[in-house]
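# Summary of structural features
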Amino acid sequence: QKEVEQDPGPLSVPEGAIVSLNCTYSNSAFQYFMWYRQYSRKGPELLMYTYSSGNKEDGRFTAQVDKSSKYISLFIRDSQPSDSATYLCAMRVSGANSKLTFGKGITLSVRP
Amino acid sequence: GAGVSQTPSNKVTEKGKYVELRCDPISGHTALYWYRQSLGQGPEFLIYFQGTGAADDSGLPNDRFFAVRPEGSVSTLKIQRTERGDSAVYLCASSLITAAFSYNEQFFGPGTRLTVL
């Protein structure tokens, strides 16, 4: 079993839909939880990060972390065709610098 | 300022050959990471440099893989006797090093797409 599991895709939604992306993990030492977006043939770019449990909102994006269930989510409201990309969850333990452990990613397509 | 750059963007080689992949981190970033992303998978950690030294090389799959960062800036990932299974996108990321228990974002380069025939 991998340390981080991400819901399989691909996912196709109409423009304006609410999108829910989810990951589960097994390592209770993870303290930082990130969502990255990756366009084709580009490197991942950070969307949001959360420290420990709780919610964080940034515009149309909301990240949720439930450490008791070892479950994280990213919600995208009013999805746009420009949101079409691969979304990767990533996690790491506490400490100023440490490696990221990624989920396998899910490809989202938002239809106009 | 410029982001993380990686060269070459694409590399095609034959099984058994030696390859070098280069990463130029963001200026001033002391931490540098290498990841490998296979098709349809998320990036997997290979090695982390803090300055010139490898602080964590636990992700290197075997002794055919080696990385250096002699002056604490540019890094080179070296793969000997390449195998078809080494085909992947090799990503480099860099970050600042600040106080312990603070969050330091890793900024990724575009990657080098390695194909071993």
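Here, the structure is the one placed above.
None of these values were measured; they are calculated from a predicted model.

The next point concerns the overall build of chain B. Counting its secondary structure elements, chain B contains 0 helices and 11 strands. Written out in order from the N terminus, the α and β elements of chain B read β-β-β-β-β-β-β-β-β-β-β. Over its C-alpha atoms chain B spans a radius of gyration of 14 Å, differing by no more than 12% from the 13 Å that the globule rule assigns to 117 residues. Overall, chain B is about 45 × 25 × 25 Å in size when its C-alpha atoms are taken along their principal axes. Put simply, chain B has 117 residues, and 45% of those count as buried. Total accessible area on chain B stands at roughly 5,600 Å², and carbon and sulfur atoms take up 50% of it. Charge-centre separation for chain B: the mean point of 11 positive side chains lies 8 Å from the mean point of 11 negative side chains.

Before going further, it helps to examine the side chain of Gln-106 of chain B. Position of Gln-106 of chain B relative to the elements: it lies in the loop between strand S9 (88–95) and strand S10 (107–108). In this structure Gln-106 of chain B comes out as buried when scored by relative accessible area, which is 3%. Of note is the side chain of Gln-106 of chain B, whose polar atom sits 3.1 Å from the backbone oxygen of Ser-98 of chain A. In contact with Gln-106 of chain B, other than residues within four places in its own chain, are Tyr-36, Ser-98 and Leu-100 of chain A together with Tyr-33, Tyr-35, Ala-93, Ser-94 and Ser-95 of chain B.

This next bit is on the environment of Ser-68 of chain A. Residues and elements named next belong to chain A. Checked against the element boundaries, Ser-68 lands in the loop between strand S7 (61–66) and strand S8 (71–76). Between the C-alpha atoms of Ser-68 and Met-91, which are 23 residues apart in sequence, the distance is 15 Å. At a separation of 2.5 Å, a polar atom in the side chain of Ser-68 contacts the side chain of Asp-66.

Residues and elements named next belong to chain A. One open sheet accounts for 5 strands, arranged S1-S3-S8-S7-S6; its pairing is antiparallel. Across the chains shown, the open sheet's two edge strands, defined by having one partner strand only, are strand S1 (4–6) and strand S6 (54–58). The mean angle between the axes of side-by-side strands here comes to 15°, regardless of whether they run parallel or antiparallel. As paired elements, S1 and strand S3 (residues 19–25) share 3 bridges and run antiparallel to each other. Considered in S3, the bridge of Gln-6 is made with Cys-23.

It is worth spelling out unusual backbone geometry at this point. Both trends apply: most residues other than glycine have a negative phi, and most peptide bonds are in trans. Residues Gly-9 of chain A and Pro-10 of chain A are joined by a peptide bond in cis, for which omega reads 0°. By the element assignment, Pro-10 of chain A lies in the loop between S1 and strand S2 (11–14). Following Thr-7 of chain B, the chain continues to Pro-8 of chain B via a peptide bond in cis, the omega torsion being -10°. On the secondary structure map, Pro-8 of chain B appears in the loop between strand S1 (5–7) and strand S2 (10–13). Positioned with a positive phi, Arg-81 of chain B is a non-glycine residue whose angle comes to about 45°.

As a further point, take the interface of chain A and chain B. Interface size is often expressed as the accessible area that is lost when the parts come together. Each side of the interface is counted separately: chain A has 23 residues, and chain B has 31 residues. In this structure, the connection of chain A to chain B is made through 0 salt bridges. The interface formed by chain A and chain B holds 5 residue pairs in polar contact (both at pLDDT 80 or more) in total. Every element with two or more residues in the side of chain A that touches chain B is listed here: strand S4 (30–38), strand S5 (45–51) and strand S9 (85–93) of chain A. Among the elements that line the side of chain A that touches chain B, the one with the most residues is S4 of chain A, at 4 residues. When the residues that make up the side of chain A that touches chain B are grouped by side-chain class, the tally is 10 nonpolar, 7 polar and 6 charged.

Cut-off values and rules
Residues numbered from 1 in each chain as written. Chains lettered and ligands numbered in written order. Predicted model: local features only at pLDDT ≥ 70, side-chain atom pairs only at ≥ 80, totals over all residues. Heavy atoms only, no water. Helix = DSSP H or I, 4+ residues; strand = E, 2+ residues; numbered from the N terminus. Rg over C-alpha atoms; globule rule 2.2 N^0.38 Å. Buried < 20%, exposed > 50% of the residue type's maximum accessible area, 1.4 Å probe, protein only. Areas by Shrake-Rupley, 256 points an atom, 1.4 Å probe, with all protein chains shown as cover. Lys, Arg positive; Asp, Glu negative; His and termini not counted. Charge placed at Lys NZ, Arg CZ, Asp CG, Glu CD. Polar contact = N/O pair within 3.5 Å; in protein donor to acceptor, adjacent residues only side chain to side chain. Contact = heavy atoms within 4.5 Å. Pairing = 2+ DSSP bridges. Axes fitted to C-alpha atoms, helices over the stretch in contact; angles between N-to-C directions. Salt bridge = Lys/Arg side-chain N within 4 Å of Asp/Glu carboxyl O. Nonpolar A, V, L, I, M, F, W, Y, C, P; charged D, E, K, R; others polar.

Interpretation in functional terms is not warranted from these geometric data alone.
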